[in-house]
Amino acid sequence: PVEPFTLVVFGGTGDLSRRKILPALFHRDAAGQLPVEARIIGVSRRVLDREAFRGFAREALTDHVAAAHLDMSLLEKFLERIDYIAADATEDEGWSRLGTLLEQRDDIKVFYLATTPELFAPISKRLGSQGLVGRNTRIVLEKPIGKNFQSALAVNSEIGKVFPEDSIYRIDHYLGKETVQNLMALRFANALFEPLWTAARIDHVQISVAEELGVEGRAGYYDTAGAMRDMVQNHILQLLCLVAMEPPTSIAADSVRDEKLKVLKALKPINTSNASVLTVRGQYRAGASAGGAVAGYLDELGHPSTTETFVAIKAEIGNWRWNGVPFYLRTGKRLPSRVSEIMVQFRAVPHSVFDSPPEPNRLVIRLQPDEGVKLWLMIKDPGPGGMRLQHVPLDMSFAQAFSVRNPDAYERLILDVVRGNQTLFMRRDEVEAAWTWIDPIIEAWQSSNEAPKPYVAGTWGPSAAVALTERDGRSWYEGA
Ligand code: BG6
């Protein structure tokens, strides 16, 4: 078990708490990682008593923990850890009771801000003025941190007045995904890949995060963000950093984060001079998904909007290792399926001794679904029919290789906060550097006055996204 802690979840009755935080804590409890003293305190404006909040938690777990893992006696024991306080960041009510609860124990205090970002600064100010911040306190922030560089700077500065950087945990839940961590193991625990990991050997890299779902009742938030702020600024750039960074000297937080920061700073600028060539924005229209006909984004929203639900970008990293290697990035809602993967395509052999030229090797790291790693190799087609070549994968499916349940990203991340391990969290300068690269792209889109290109729900985005790779004689990886 980790050390005794009290986790205070602001936004305790919200969606994230229900879908992710409470189930994650339950799973870790079931695995024996929560000490008997661990407590969870939900905080929100809603006037509820402890029993009512426990009822909320019970329902959250029944809905979001698979039946096979939902042991009822464990569930009841877990609920006993839970308390609730109604409090509002802007009013005194409730805060002294929270203080009293926290004072009862000399344990680690984690303040998890699962609220709208507008509340980050007011809540942290309150925590400071109520005297709740001390040696053993940590704060967890959910994305988005700002909507551009300036607003991120403002949020970070406000939080920084109350909490030192080494107790601030900015969550990017992609970093908690098993296969994402595996990317570091793959690169730095194997001697095989590192000598090949350069522009001399790699032709290009693709990072795709495709979602089948639409905006699912979050249109209000989503319309202010769009795919660029919602996915690219954080998840996709973090994946890009892990693929492209130099080997850190250790797995220690700042060692890894220093290397990621260098990648972000080396991204070649995209702005009004080149955005129309290097980026594609799209917005879904009515179409179909696996479940049947689905509405278009504007119908769901109920008013006109130029917010993008799809982005494709040809990015480049200007440093010795990567110069000239395109990183094609792509993400969108209402695409044909939910697939997140990183594909590294190696250069072709310099000279083919066979009748037909061999296909280039590809290393595919699949984050979801069916996590695994595939290395596409050329082999001889079996049989006496002569030297015919075939492209086949050396395939490691995690589900087949390991029989354990694949833990949700939040399970790992929440316990890392308690352990005081910041390796999988974004440092202030990383967030700000990411915005520094993103802002001019969004500004270029705004100044062009061009609406996002329409695509039919259930397709792979606008045709311009296909052209982005085909123009370079390449194509998006589609599983082969
Ligand atoms: C969130 C975005 O950060 O990530 C959502 O706000 C998106 O729009 C989600 O759906 C995707 O996460 P996952 O873990 O389901 O790939």
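Reading the values: the criteria
Residues numbered from 1 in each chain as written. Predicted model: local features only at pLDDT ≥ 70, side-chain atom pairs only at ≥ 80, totals over all residues. Heavy atoms only, no water. Helix = DSSP H or I, 4+ residues; strand = E, 2+ residues; numbered from the N terminus. Rg over C-alpha atoms; globule rule 2.2 N^0.38 Å. Buried < 20%, exposed > 50% of the residue type's maximum accessible area, 1.4 Å probe, protein only. UniProt positions renumbered as here; feature names shortened; annotations may be inferred. Pairing = 2+ DSSP bridges. Axes fitted to C-alpha atoms, helices over the stretch in contact; angles between N-to-C directions. Near = heavy atom within 4 Å. Polar contact = N/O pair within 3.5 Å; in protein donor to acceptor, adjacent residues only side chain to side chain. Nonpolar A, V, L, I, M, F, W, Y, C, P; charged D, E, K, R; others polar. Contact = heavy atoms within 4.5 Å. Parallel < 35°, antiparallel > 145°, perpendicular 65-115°, else oblique. Left-handed = near helix turned anticlockwise from the far one by under 90°.

For the rest of this paragraph, the subject is the overall build of the protein chain. When helices and strands are counted, the protein chain shows 15 helices and 18 strands. A globule of 480 residues ought to have a C-alpha radius of gyration of about 23 Å, and the protein chain, at 24 Å, matches this closely. Seen along its three principal axes, the alpha-carbon backbone of the protein chain occupies a region of about 80 × 50 × 45 Å. In the protein chain, which comprises 480 residues, the share counted as buried stands at 53%.

Residues annotated in UniProt with the feature "active site" (unreviewed entry) correspond here to H235. Inspection of the secondary structure puts H235 in helix 8 (residues 219-244).

If you trace the 9 strands from one edge of the open sheet to the other, you get 16-15-14-13-7-12-11-8-18, paired in mixed fashion. The sheet terminates laterally at strand 16 (389-397) and strand 18 (453-456), the two strands that pair on one side only. Neighbour-to-neighbour, the strand axes of the sheet open up by a mean angle of 20°, direction not taken into account. Sheet topology places strand 7 (residues 202-210) next to strand 12 (residues 327-332); 6 bridges connect them, and they run parallel.

In the numbering used here, UniProt assigns the feature "domain: Glucose-6-phosphate dehydrogenase NAD-binding" (unreviewed entry) to residues 8-182. Secondary structure across residues 8-182 comprises 44% helix and 17% strand; the distance between its end C-alpha atoms is 30 Å.

Spatial ordering of the open sheet is given by 3-2-1-4-5-6-17, a layout of 7 strands whose pairing is mixed. The open sheet is flanked by strand 3 (82-86) and strand 17 (425-426), the only strands paired with a single partner. Here strand 2 (residues 39-44) runs beside strand 3; their pairing, made up of 5 bridges, is parallel. Residue pairing in the sheet places I41 in a bridge with D83 of strand 3.

This brings us to the site of the ligand. Residues in contact with the ligand, as listed here, are K143, H173, Y174, K177, E211, R218, D230, M231, H235, K333, R338 and Q368. At a separation of 2.8 Å, an oxygen atom of the ligand approaches a polar side-chain atom of H173. Note that an oxygen atom of the ligand is positioned 2.5 Å from one of the side-chain N or O atoms of E211. For the shell around the ligand, the leading source of residues is helix 8, giving 3 residues. Taken together, the residues that form the shell around the ligand break down as 2 nonpolar, 3 polar and 7 charged.

What follows covers the environment of D172. Looking at where D172 falls in the secondary structure, it is placed in the loop between strand 6 (168-171) and helix 7 (178-188). Judged by relative accessible area, which is 0%, D172 ranks as buried. On a C-alpha basis, the gap between D172 and Q238 in space is 8.2 Å, while along the polypeptide they are 66 residues apart. Not counting residues within four places of it along the chain, the set of residues in contact with D172 comprises N234, H235, Q238, L413 and M426.

The interhelical angle for the contact between helix 1 (residues 15-30) and helix 3 (residues 72-79), taken along N-to-C directions, is 115°, at an axis separation of 10 Å. Considering the angle they form, helix 1 stands roughly perpendicular to helix 3. Note on packing geometry: the crossing formed by helix 1 with helix 3 is right-handed. Every residue of helix 3 that contacts helix 1 at L22, L25, F26, D29 and A30 is listed here: L74, L75 and F78. Looking at the contact of helix 1 with helix 3 residue by residue, the class counts come to 7 nonpolar, no polar and 1 charged.

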